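Here's the letter readout for the chains.
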Amino acid sequence: METKTTAGKTLEGVVVKTAMKDTVTVQVERYVKHPKYKKYMKLSKKYLVHNPGNTVEVGSKVTIKETRPISKRKRFIIV
């Protein structure tokens, strides 16, 4: 029996906080068209990302990838 694995989501964002050990907060922005008014809006969401060794700084542009759950809210790692 073969197991099938999927690639998972890959997102790009900016590091906004590095206060925790082995964890950073990454803000990901995306453009969405409003269904009624047809205006493009910029929406953002923050993700907790695993950062082993605390290698990135605040303001860095990073790529994050979905992985297995590391803690209650951490589901991404830095690529």
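Relevant structure appears above.
Residues numbered from 1 in each chain as written. Predicted model: local features only at pLDDT ≥ 70, side-chain atom pairs only at ≥ 80, totals over all residues. Heavy atoms only, no water.

Across its full length, the chain holds 0 helices and 5 strands. Going residue by residue from the N terminus, the α and β elements of the chain occur as β-β-β-β-β. On C-alpha atoms alone, the chain measures out to a radius of gyration of 15 Å, which is more than a quarter above the 12 Å that the 2.2 N^0.38 rule sets for 79 residues. For the chain, the spread of C-alpha atoms along the three principal axes comes to 45 × 45 × 20 Å. By the burial criterion, 20% of the 79 residues in the chain qualify as buried. Expressed as a percentage of contacts within the chain between residues at least 6 apart in sequence, the contacts between residues at least 24 apart total 50%. Just so you have it, the chain exposes about 6,400 Å², and 52% of that area is on carbon and sulfur atoms. (Helix = DSSP H or I, 4+ residues; strand = E, 2+ residues; numbered from the N terminus. Rg over C-alpha atoms; globule rule 2.2 N^0.38 Å. Buried < 20%, exposed > 50% of the residue type's maximum accessible area, 1.4 Å probe, protein only. Contact = heavy atoms within 4.5 Å. Areas by Shrake-Rupley, 256 points an atom, 1.4 Å probe, with all protein chains shown as cover.)

All right, on to the pairing of strand 4 (residues 61-66) then. Consecutive side chains of a regular strand alternate in pointing toward one face of the sheet and then the other. Across 5 bridges, strand 1 (residues 10-20) lies against strand 4 in antiparallel orientation. Bridging from a neighbouring strand, Glu12 pairs with Thr63 of strand 4. As judged from the 3 bridges shared by strand 4 and strand 5 (residues 76-78), these two strands associate in the antiparallel manner. Opposite Lys65, over in strand 5, you have Ile77 as the bridge partner. (Pairing = 2+ DSSP bridges.)

Attention now moves to unusual backbone geometry. Although it is not a glycine, Asp22 sits at a positive phi angle of roughly 60°. Within the secondary structure, Asp22 is located in the loop between strand 1 and strand 2 (23-33). What makes Asp22 partly exposed here is its relative accessible area of 24%. Located in the positive-phi region is Asn54, a residue other than glycine, with phi close to 50°. Residue placement: Asn54 occurs in the loop between strand 3 (40-50) and strand 4. A residue is classified by how much of its surface remains accessible, and Asn54, at 41% relative accessible area, is partly exposed.

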